[in-house]
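Chain by chain, the residues run as shown.
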Amino acid sequence: MKEFDIVVIGAGAIGTSVAYHLALKGLKTALIEKGDIAHGSSSHCDAVSLICDKLPGIDTAMGQASIDYYGELDKKFNYDFEYDPKGCLYVCETEPEFEAASEYMERQRADGYDLRMVRSEELCKMEPHIANDLAGALYTPPSGAIAVSPYKVCYAFVEEGKKLGLEVFTYTNINKINLDEKTNAVVSIDTDTQGTIKTRRIVNCAGAWAPEVGKLTGLNIPISPRKGTNLVSEQTERLCNHKILEYGYMMSKFDSIHFKRKVSPLVEKQNIAFNLEYTKANNLLVGGNRLFRGFDIRSEIETLKAICERAIRFYPELEDIKCIRTYAGVRPFVIDHLPIVSDVDSIPGYYIAAGHEGDGICFSPFTGKQVAQMVMGEGTDFDISRLDFARFTK
Amino acid sequence: MEEFLTDDMIVCRCEEITVGEIKEAIKQGAKDVIGVKRRVRAGMGLCQGRTCEKMVQQILCQELGVAPSEVGSSSPRPPVRPISFGELARGVVE
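Residues numbered from 1 in each chain as written. Chains lettered and ligands numbered in written order. Predicted model: local features only at pLDDT ≥ 70, side-chain atom pairs only at ≥ 80, totals over all residues.

Broken down by element type, chain B carries four helices and three strands. With the principal axes as the frame, chain B shows a C-alpha extent of 50 × 25 × 20 Å. Looking at the 94 residues of chain B, the share that counts as buried comes to 37%. Considering only contacts in chain B between residues 6 or more positions apart, those separated by 24 or more positions represent 48%. (Helix = DSSP H or I, 4+ residues; strand = E, 2+ residues; numbered from the N terminus. Buried ≥ 20, exposed ≤ 12 C-beta atoms within 10 Å, placed from the backbone. Contact = placed C-beta atoms within 7 Å.)

Shown next as structure tokens:
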């Protein structure tokens, strides 16, 4: 029978990072995945990690820590995950958006983050192809806005983890998680390809599928799949020089923030928030929206039309650029927009790191580090008590 | 089949991916067409794998010793052929 100190379930951006960081601590670690590495959300998303889409305070502090850490990993890892500190422009279509963004900028500056507002003229110099009738933009320098290849991040953690003894079992399903009859502690896992694996600790990193894993031990993990869609362009001259988002993106991300945009009923109904970036291969990724559709990740024509309409508003030259592919994926949504990074009181040895919604790539290195510290019984770098699973069980 | 494939032969013309690179992706753990695509970009170019997918499938079958049905194909996604963002936004006008 195989035996490990700890088994990580799910090989996405969170699971691979958690597994790597546990192996780095010297634990005999296994990573189990029902499909291929990065098979779920981490290959159906976009590529950026930003501080300027985080709420001021600890959210931004954690985001910055993770972005800084990506820079370290880029130097440390042999596996190239396409780290690209490109900076970000949050474009404001109207004056009220510009004012709201300015307020947000002031709060972030007060905390020491180097954000600033740019007016239309400067914006057009930074982004020669952008519409010239916008109010301006919130600029975040490369130190707070980077891109990485989301699935290559997963491969990188796996390949670097293997050097530390990490064992990876892909295309492996878990049939049962066995608990001790008296203490209710984790004892072993029954799998379809590896038989029973003995372990006293597991980490559920299954993202949108974490509730399925939770059910195996009767846990109700409140994560739901939230759909996002992107379009891919033909390889083209770089239409943009930064990551571009419309400030209305905040609206689709945090329901509590409302801006009334002058958009068509289709754009409104499809909950579209324009964003644009170039990839290393010089394709453009054009997005995006958030919708609840269960696990249905088919591309929806009405969504695609609405994204195109909104994208052309900001980058008119997209009109004649060709779209070669579209894709959609699910993000692990939690009602309070905070991930669950926690132990589980009722099951000794059971940990959860899931529910990052659209921040999984950004928070991947950070989360792996915190979980490893938590498992080792060391203090975590950040106070992550707000991410406790117990907030849903009280 | 095998005797015709040399490692420097280009399989995915759009992204210029060779037989050798595809074999390397399989060594890294790719077990299907999508796994190869994510690791080395075969099938990610303008034609979206129309030209190379069968060949990638054959290399997978050969390297892993499995049946074609086990190596899958890329996910079917619109558009069927490249169209401009403008056309997509407006819909087709006859």
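Another point: the overall build of chain A. Assigned secondary structure in chain A consists of 10 helices and 20 strands. A globule of 394 residues ought to have a C-alpha radius of gyration of about 21 Å, and chain A, at 21 Å, matches this closely. Dimensions of chain A, computed from the C-alpha atoms along their principal axes, are close to 65 × 45 × 45 Å. Taking all 394 residues of chain A together, 56% fall into the buried category. (Rg over C-alpha atoms; globule rule 2.2 N^0.38 Å.)

This part covers the domain arrangement of chain A. All names here are of chain A. Taken domain by domain, chain A consists of domain 1 (2-44 + 151-223 + 336-392) and domain 2 (88-140 + 224-333). Taking only C-alpha atoms into account, the centre of domain 1 sits 32 Å from that of domain 2. The interface of domain 1 with domain 2 comprises 12 residues on the first partner and 13 residues on the second. Residue composition of the side of domain 1 that touches domain 2, grouped by class: four nonpolar, seven polar and one charged. (Domains from an automatic or database assignment. Nonpolar A, V, L, I, M, F, W, Y, C, P; charged D, E, K, R; others polar.)

The next thing to look at is the sheet that holds strand β9 (residues 167-169) of chain A. Residues and elements named next belong to chain A. Spatial strand order, β9-β3-β2-β13-β20-β19: six strands in an open sheet with mixed pairing. The open sheet terminates on both sides in strands that have one partner only, identified here as β9 and β19 (340-343). Along the sheet, successive strands turn relative to each other by an average axial angle of 20°, direction set aside. Pairing of strand β2 (residues 6-9) with strand β13 (residues 202-204), which is carried by three bridges, proceeds in the parallel orientation. What sits directly across from Val 7, in β13, is Ile 202. (Pairing = 2+ DSSP bridges. Axes fitted to C-alpha atoms, helices over the stretch in contact; angles between N-to-C directions.)

Read across the sheet, nine strands follow the order β6(A)-β7(A)-β5(A)-β15(A)-β16(A)-β17(A)-β14(A)-β18(A)-β3(B) without closing on themselves; strand pairing throughout is mixed. Pairing within the sheet leaves two strands with one partner each, and these edge strands are β6 (116-119) of chain A together with β3 (83-84) of chain B. With three bridges connecting them, strand β14 (residues 224-233) of chain A and strand β17 (residues 284-289) of chain A associate as antiparallel partners. Within β17(A), the position partnered with Leu231(A) by the bridge is Val286(A).

The subject of this paragraph is helix α10 (residues 360-375) of chain A. Phe366(A) marks the point of greatest bend in α10(A), at about 35°. Remark: Gly377(A) follows α10(A) within two positions and exhibits a positive phi of approximately 75°. (Bend = angle between axes of the 7 residues up to and from the residue.)

This next bit is on the pairing of β19(A). Residues and elements named next belong to chain A. Of the strand pairs in this sheet, β19 and strand β20 (residues 350-354) are connected by four bridges, and their pairing is antiparallel. The residue of β20 that forms the bridge with Val 341 is Ala 353. Once β19 ends, the chain turns through six residues before running back antiparallel as β20, passing Gly 349 with a positive phi of about 95°.

This part is about the packing of helix α1 (residues 13-24) of chain A against helix α5 (residues 150-163) of chain A. Residue and element names in this part refer to chain A. For the pair α1 and α5, the least separation of the axes is 9 Å and the interaxial angle reads 20°. Comparing the axis directions of α1 and α5 gives the class roughly parallel. Considering the relative orientation of α1 and α5, their crossing is left-handed. Each of Ala 13, Thr 16, Ser 17, Ala 19, Tyr 20 and Ala 23 in α1 lies in contact with α5, whose residues at this interface are Pro 150, Val 153, Cys 154, Phe 157, Val 158, Glu 160 and Gly 161. Here the contact of α1 with α5 is composed, by residue class, of nine nonpolar, three polar and one charged. (Parallel < 35°, antiparallel > 145°, perpendicular 65-115°, else oblique. Left-handed = near helix turned anticlockwise from the far one by under 90°.)

Bringing the interface of chain A and chain B into the picture now. A common way to report how large an interface is uses the accessible area buried once the components associate. Counting residues at the interface gives 27 residues for chain A, matched by 19 residues for chain B. Looking at the side of chain A that touches chain B, the elements with two or more residues in it are α5, α9 (301-314) and β18 (322-333) of chain A. In terms of residue class, the side of chain A that touches chain B is made up of 15 nonpolar, four polar and eight charged. As paired strands, β18(A) and β3(B) are joined by two bridges and run antiparallel to one another. Within β3(B), the position partnered with Lys322(A) by the bridge is Ser84(B).

Take the pairing of β17(A) next. Residues and elements named next belong to chain A. Of all six residues that make up β17, six are buried, and the element is covered over most of its length. Here five bridges tie strand β16 (residues 272-278) to β17, and the two strands are oriented antiparallel to one another. Pairing of Leu 276 across the sheet is with Val 286, part of β17. Between the end of β16 and the start of β17, which pair antiparallel, lie five residues, with Asn 282 showing a positive phi angle near 70°.

A separate point is α1(A). Residues and elements named next belong to chain A. Spanning 12 residues, α1 covers 17 Å between terminal C-alpha atoms, matching the ideal 16 Å at 1.5 Å per step. All buried positions along α1 are accounted for by Ala 13, Ile 14, Gly 15, Thr 16, Ser 17, Val 18, Ala 19, Tyr 20, His 21, Leu 22 and Ala 23. Elements that come into contact with the buried residues of α1 comprise β2, β3 (29-32), α5, β13, β20 and α10. Directly beyond the C-terminal end of α1, a positive phi value near 90° is found at Gly 26. (Expected span 1.5 Å × (residues − 1).)

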